[in-house]
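Letter by letter, the chains look like this.
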Amino acid sequence: MITRRMLIAAAGLAASALAGAPTFAQETVKVGLIVPMTGPFASTGRQVEAGARTYMAMHGDTVAGKKIELILRDDAGTADQTRRIAQELVVNDGVSVLAGFGLTPLALAVAPVIGQAKIPAIITSAATSSITEQSDYYVRSSFTLPQAAVPVATWATENDIKRVVTLVSDYGPGIDAETWFTKEFTAKGGEIVEAVRVPLQNPDFAPYLQRVRDADPDAIFVFLPSGVGSLFMKQFADRGLADAGIKLIATGDVTDDDILNDMGKPALGAITGQHYSTAHDSPENKAYVEAYKAAYPDMRPNFMSVGGYDAMHLVYAALEKTGGDATGDALIEAMKGLSWTSPRGPVSIDPETREIIQNIYMREVKEVDGELYNVEFATYEAVKDPAKTSDQ
Ligand code: VNL
């Protein structure tokens, strides 16, 4: 005989079984963020983390019924560690997405891991064009050096700059910057007087800058990775290049908003091309800078931070599109073709190349209210990575 007491007990059991089971709406999607938080490129890691966390502060930590968990890991800028950490995050933590990768060799190190796990890796920082060709699971929220360097070259030829010395870090993004600046600049009638490549680690610019001064070009075109610009700017001033009338043109990595304010007078007047400036004038950027500074009062958001911010947007928007399906193939497919308004301006993900299509702004370093900023004065709209466009 079934008694009333037995029924109540059964109902209680069922209720507790339900309470114990993870309800669908509470499921967690883990995002593994691997960046250098220590070592010479720690500023990149700090900025990417701050951008990603600011996105979550502004948009909450649930999307499509899933709770988003960000797991931050420091690879100290060493490719072996990037690969090992990526493996651990996949196998032990069960992440659905990887993101980060402060430098090109670090991004390249995870290609075999994401290919095997079949999960997306969102590149927030590294900017050598060819990285995304090494796996179908890469998608980029940063930029590529050809994308930034070509507009700088176009602008130079239209502004009476005829003879240029190029100076770049001697690795992937530097070679990309040199190649694509030169291609555009010479196609439009400019002349490259000399091409200088400096070591990535501990560069001493002084001897090279002396050579540049002797060559007496109209301008020097420079690419150096984020963080290295301060030392360059000091030696540029010390060697009297600006006084000799040699103009500084560069990709925005050199006048990085993170360090620009400390560069002082020598940076004034530098002309750069890039996709993000703290000073970008839009409601979206105003809201971003405000939220960022509320959480990180001692920092200024730079282009690395916006790579972190938009990486999180990619995760959120892809999950919304898949209705919460966080399997790798569903996510990477959903990311292709997404478009949105970033703090940097209008952007989209090229479905063919998984590269970000974005405006490249020409900027001049100016003093505004006692601080140095990259002030935008011209826009090249919806620039694709030229290294992957067949008509180039
Ligand atoms: C890279 C490109 C790194 C641009 C950067 O800063 C940068 C890279 C650390 O691809 O290694 O500003």
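Relevant structure appears above.
We now turn to the structure provided with this report. (Residues numbered from 1 in each chain as written. Predicted model: local features only at pLDDT ≥ 70, side-chain atom pairs only at ≥ 80, totals over all residues. Heavy atoms only, no water.)

## What to know about the pairing of strand β9 (residues 219-223)
Move 1: The element β9 is extensively covered by neighbouring structure, given that 5 of its 5 residues are classed as buried.
Move 2: Where strand β7 (residues 163-169) lies against β9, 5 bridges are found, and the strand directions are parallel. Note on β9: the bridge partner recorded for T166 is F221.
Move 3: Summarising the sheet, β9 and strand β10 (residues 247-251) pair through 4 bridges and their orientation is parallel. (Buried < 20%, exposed > 50% of the residue type's maximum accessible area, 1.4 Å probe, protein only. Helix = DSSP H or I, 4+ residues; strand = E, 2+ residues; numbered from the N terminus. Pairing = 2+ DSSP bridges.)

## Description of the site of the ligand
Move 1: Around the ligand, the structure places 16 residues, and the nearest of them are T104, A127, Y171, S226 and D253.
Move 2: One nitrogen or oxygen atom from the side chain of T104 is found 2.5 Å from an oxygen atom belonging to the ligand.
Move 3: Separating an oxygen atom of the ligand from a side-chain N or O atom of D253 is a distance of 2.5 Å.
Move 4: Compared with its free state, where it exposes 320 Å², the ligand has 100% of that area covered by protein.
Move 5: Along the lines of polarity and charge, the residues of the shell around the ligand split into 10 nonpolar, 5 polar and 1 charged. (Near = heavy atom within 4 Å. Polar contact = N/O pair within 3.5 Å; in protein donor to acceptor, adjacent residues only side chain to side chain. Areas by Shrake-Rupley, 256 points an atom, 1.4 Å probe, with all protein chains shown as cover. Nonpolar A, V, L, I, M, F, W, Y, C, P; charged D, E, K, R; others polar.)

## Concerning the pattern of salt bridges
Move 1: Here the structure, examined in full by the defined rule, presents 20 salt bridges.
Move 2: The partner of D61 in a salt bridge is K67, with the nearest N and O atoms 2.7 Å apart.
Move 3: By relative accessible area, K67 is classed as partly exposed at 37%.
Move 4: With a closest N to O distance of 3.7 Å, R354 and D136 form a salt bridge. Placement of the pair is R354 in the loop between β13 (345-349) and β14 (356-368) and D136 in the loop between β5 (121-123) and β6 (138-140), with a sequence separation of 218 residues. (Salt bridge = Lys/Arg side-chain N within 4 Å of Asp/Glu carboxyl O.)

## Points about the sheet that holds strand β1 (residues 28-35)
Move 1: Spatially, the 6 strands line up as an open sheet ordered β2-β3-β1-β4-β5-β6, and their pairing is mixed. What marks the edges here is a single partner per strand, and that holds for β2 (62-63) and β6.
Move 2: In terms of strand pairing, strand β4 (residues 97-100) meets β5 through 3 bridges, oriented parallel. Within β5, the position partnered with L98 by the bridge is A121.
Move 3: Along the sheet, helix α2 (residues 42-59) makes contact with β1 and β3 (66-74), crossing β3 at roughly 170 degrees. (Contact = heavy atoms within 4.5 Å. Axes fitted to C-alpha atoms, helices over the stretch in contact; angles between N-to-C directions.)

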